Amino acid sequence: MAADPREPSLESRTFDTVLVLDFGAQYAQVIARRVRECHVYSEIVPGETPAAELLARRPVGIILSGGPKSVYAGHAPRPDPAIFDAGVPILGICYGQQLIAQALGGEVANTGIAEFGRTALDVTEPGALLAGQPVSQTVWMSHNDAVVRPPEGARVLAATRHSPAAAFEDPVRGVYGVQYHPEVSHTPRGLDVFEAFLTATGARRTWTSHSVIEAAVADIRAQVGDGAVLCGLSGGVDSAVAAALVAEAVGEQLTCVFVDHGLLRHDEATQVEEAFGASSSTRLVTVDAAARFLDRLAGVTDPEEKRKRIGTEFIRVFEEAARAHAGDAAFLVQGTLYPDVIESGHGSAATIKSHHNVGGLPEDMEFELVEPLRWLFKDEVRRVGEELGLPREIVWRQPFPGPGLAVRVIGEVSAERLALLRAADRILLDELRRAGLDRATAGPDAGDTDFVWQSFAVLPTIRSVGVQGDERTYGHPVILRAVTSEDAMTADFARIDYDVLERIAGRIINEVPGINRVAYDVTSKPPGTIEWE
Ligand code: XMP
């Protein structure tokens, strides 16, 4: 689902905007990210949004995404045809390209031959869209139908074996199409296609961390006026950057609350206090609520029930802290990101309030939410954090779920089981850092490739037999999980060196009494999820 286009974001009023019309594409988010990488703001909206609504947003360009349907299918989603006469440049990708051809006098056929995966592309005439690109290159394809005749007046730019019009353009009319997927990394020159299209739109390249900060600060000031604002810090990058933005905007009115729910990793509470405590100008209140959360979790084994209870308790603690320390703050900062907004299916502030970032927020919340990151992707949040001068350790910290270790202790959560998990988790992270695999502690020039996205230990409910020092043990196994990912939507298990794994396993068994076996999870997402619960 895509964001509600009727509510223009501050961003789309401030920045030249490219709207991505989503026709059910697997890659709509990636398209928007690629456009933003070219420093142009981009938002995803439903594919069939009426043209009047789209044009009211005054987009400088429109991209029609791919989609799973054939343009000949009964209920094939289509854009409002009026967009083709609006004078706004349009780029169609895969299904989007076929929609353009079909709407403007070209022909789409089911050739009977699908093309999936890496495919050889021959550029016959580069035109504006493929200018400067190699004549022969590899692109990523995923289609059944193909454009066999481009729209009237359009020139064919490239072909593959089974796609005679794999790219076309009509710069006069302002339509461009590619049958392949320029947004995925398997199309090495894909970003150049976006660059060329954006050049054709004349979009101003002003979407930078610096201007994002300026826009967010203006937005926060307009929303909260002189009201008191409360921000829950989790230690994660999202809440930290959200807090830093609010501090930049209305520092005097901000109180940060760090709820130590007792479900944190080793030393996490100390690190948050160091980053936001005495040395910083932000007012920070730490609430030690560990006993309270453990109490609420007693006897609970169902993961969703854990999430709900933790989420509810979080807000209750915030509300109390607001009353006690933040002058009855009416505003609560939340680190909701753009993918959360897209996934919740709506862009309107009213709906977003029920989205649970820390676990099911209660319906009767007393706060109005301030969500300065709701138009940003995670990588953009990190760049904003760097621009704001937050420590690398915070900016590049692994994502950590709101319910914390409670969803990594399978079954019932107790202080003892948390302590076991925390000790194993600490060793895992320590050794991954030593091996240079954790970005937060790797040097600033370490590159992007081999870092883990998340790593953690999971404590299952089963027991395992072992032998240690000639004695039979009947202890706890732990499962190690380490994944690589770009955005947590998909993930691959991290190919950690056996020697590193051996060192981690050896240390856990020797240093954590009660644990006698270590397993490594080699499931990717899908079919698994990153967390176990
Ligand atoms: P899954 O397990 O669904 O996780 O593959 C995807 C990403 O989301 C994180 N995660 C959560 N984050 N509250 C959060 O704030 C939650 O309840 C929650 N559950 C999973 C997970 O750590 C991963 O980064």
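Because the structure is predicted, anything quoted here is derived from the model rather than measured.

Rules and cut-offs
- Residues numbered from 1 in each chain as written.
- Predicted model: local features only at pLDDT ≥ 70, side-chain atom pairs only at ≥ 80, totals over all residues.
- Heavy atoms only, no water.
- Pairing = 2+ DSSP bridges.
- Helix = DSSP H or I, 4+ residues; strand = E, 2+ residues; numbered from the N terminus.
- Salt bridge = Lys/Arg side-chain N within 4 Å of Asp/Glu carboxyl O.
- Buried < 20%, exposed > 50% of the residue type's maximum accessible area, 1.4 Å probe, protein only.
- Contact = heavy atoms within 4.5 Å.
- Phe/Tyr/Trp six-rings, centres within 6.5 Å; stacked < 30°, edge-to-face > 60°.
- Lys NZ or Arg CZ within 6 Å of the ring centre and 35° of its normal.
- Axes fitted to C-alpha atoms, helices over the stretch in contact; angles between N-to-C directions.
- Parallel < 35°, antiparallel > 145°, perpendicular 65-115°, else oblique.
- Left-handed = near helix turned anticlockwise from the far one by under 90°.
- Nonpolar A, V, L, I, M, F, W, Y, C, P; charged D, E, K, R; others polar.
- Core = buried A, V, L, I, M, F, W, Y, C linked by side-chain atoms within 4.5 Å.

A.B. asks: Would you explain the pairing of strand 9 (residues 155-159) in this entry?
C.D. replies: Each regular strand displays side chains that alternate between the two surfaces of the sheet. Bridge count for strand 6 (residues 115-123) against strand 9 is two bridges, and the pairing is antiparallel. Residue Asp-122 lies in a different strand from strand 9, and its bridge partner there is Ala-159. Of the pairings in the sheet, the one linking strand 9 to strand 10 (residues 167-170) comprises three bridges and is antiparallel in character. From the neighbouring strand, Val-156 faces strand 10, where its bridge partner is Phe-168.

A.B. asks: I'm lost on the pattern of salt bridges in this one. Help?
C.D. replies: Pairing is possible between side chains that carry opposite charge, provided their charged atoms lie close to one another. This structure, assessed with the given rule, holds 34 salt bridges. Here Arg-292 and Glu-320 are joined by a salt bridge, their closest N and O atoms 2.9 Å apart. With Arg-292 in helix 9 (residues 290-297) and Glu-320 in helix 10 (residues 303-325), the pair connects residues that are 28 residues apart, well separated along the chain. Accessibility expressed as a relative area gives 29% for Arg-292, which makes it partly exposed. The exposure class of Glu-320 is partly exposed, given its relative accessible area of 37%.

A.B. asks: What is the right way to look at the environment of Ile-479 in this model?
C.D. replies: Positionally, Ile-479 belongs in strand 19 (residues 471-485). On a C-alpha basis, the gap between Ile-479 and Arg-34 in space is 36 Å, while along the polypeptide they are 445 residues apart. Setting aside anything within four residues of it in sequence, one finds Ile-479 in contact with Phe-456, Ala-457, Val-458, Pro-460, Ala-519, Asp-521 and Trp-532.

A.B. asks: What should I look at first to understand the packing of aromatic side chains in this one?
C.D. replies: For any pair of aromatic rings, the description consists of the separation of the ring centres together with the inter-plane angle of the planes. One pass over the structure, following the stated rule, counts eight aromatic pairs. Ring geometry for Phe-15 and Trp-207: centres 4.9 Å apart, planes at 80°, overall edge-to-face. In this pair, Phe-15 is assigned in the loop between helix 1 (10-14) and strand 1 (17-22) and Trp-207 in the loop between helix 5 (190-201) and helix 6 (209-224), connecting sequence segments 192 residues apart. Take Phe-15 and Trp-207: they sit in the same class, and that class is buried. Clustering of aromatic rings is evident, with ring pairs tying together Phe-15, Tyr-41 and Trp-207. Over the ring of Trp-396 we find Arg-439, and its NZ or CZ is 3.7 Å from the ring centre. The aromatic ring of Phe-493 is capped on one face by Arg-495, whose charged end is 4.0 Å from the ring centroid.

A.B. asks: Just to check I follow, could you spell out the side chain of Ser-163 for this structure?
C.D. replies: Assignment of secondary structure puts Ser-163 in the loop between strand 9 and strand 10. Every residue in contact with Ser-163, bar those within four places of it in the chain, is listed here: Glu-115, Met-141, His-143, Ala-146, Ala-158 and Gln-179.

A.B. asks: In this structure, what is going on with the environment of Gly-132? I would like to understand it.
C.D. replies: Locating Gly-132 in the fold gives a position in the loop between strand 6 and strand 7 (136-143). As for Gly-132 and Ala-196, which are separated by 64 residues in sequence, their C-alpha atoms are 9.8 Å apart.

A.B. asks: Sorry if this is basic, but what is going on with the sheet that holds strand 1 here?
C.D. replies: Either a parallel or an antiparallel arrangement is found when strands of a sheet pair, and the pairing is made through backbone hydrogen bonds. Sheet architecture is open: nine strands sit in the order 2-1-3-4-11-10-9-6-7, paired in mixed fashion. In the strand order of this sheet, the two ends are held by strand 2 (41-46) and strand 7, each with one partner. Here the average twist between neighbouring strands, direction ignored, is 25°. The sheet strands contacting helix 2 (residues 28-37) are strand 1, strand 2, strand 3 (61-64) and strand 4 (90-93), and the helix crosses strand 2 at an angle near 160°. On the sheet, helix 5 packs against strand 1, strand 3, strand 4 and strand 11 (175-178) and is oriented at approximately 145° with respect to strand 3.

A.B. asks: Explanation requested: the sheet that holds strand 13 (residues 254-260) in the structure shown.
C.D. replies: One open sheet holds the five strands; their spatial order is 14-13-12-15-16, and the pairing between them is parallel. On the outer flanks of this sheet lie strand 14 (283-288) and strand 16 (368-370), each paired with one strand and no other. Across the sheet, the mean angle separating the axes of adjacent strands is 30° when strand polarity is ignored. Both strand 13 and strand 14 contribute to a ladder of six bridges, which runs parallel.

A.B. asks: Can you help me understand the packing of helix 7 (residues 237-250) against helix 13 (residues 378-387) in this one?
C.D. replies: Each pair of packed helices can be described by the angle between their axes along with the distance between the axes. At a closest axis distance of 10 Å, the pairing of helix 7 and helix 13 adopts a crossing angle of 50°. As summarised for this structure, helix 7 and helix 13 are arranged oblique, according to the angle between their axes. Between helix 7 and helix 13 the crossing geometry is left-handed. Packed against helix 7, whose contacting residues are Val-237, Asp-238, Val-241 and Leu-245, the element helix 13 presents Lys-378, Val-381, Arg-382, Val-384 and Gly-385 at the interface. Grouping the amino acids of the contact of helix 7 with helix 13 by side-chain chemistry returns five nonpolar, one polar and three charged.

A.B. asks: How should the nonpolar core be read in this particular structure?
C.D. replies: For soluble globular proteins, the rule of thumb is that nonpolar side chains tend to be buried together. Counting 82 residues, the largest nonpolar core has Ile-63, Leu-129 and Leu-130 as the members making the most contacts within it. Among the elements that make up this core, the one with the highest residue count is helix 7 (ten residues). With sequence-adjacent residues up to four places away left out, Leu-129 is seen in contact with Leu-91, Leu-157, Phe-168, Glu-169, Tyr-176, Gly-177, Val-178, Asp-192, Val-193, Ala-196 and Phe-197. The next biggest cluster of nonpolar side chains, apart from the first, holds 46 residues, and it includes Phe-314, Val-317, Leu-420 and Ile-504.

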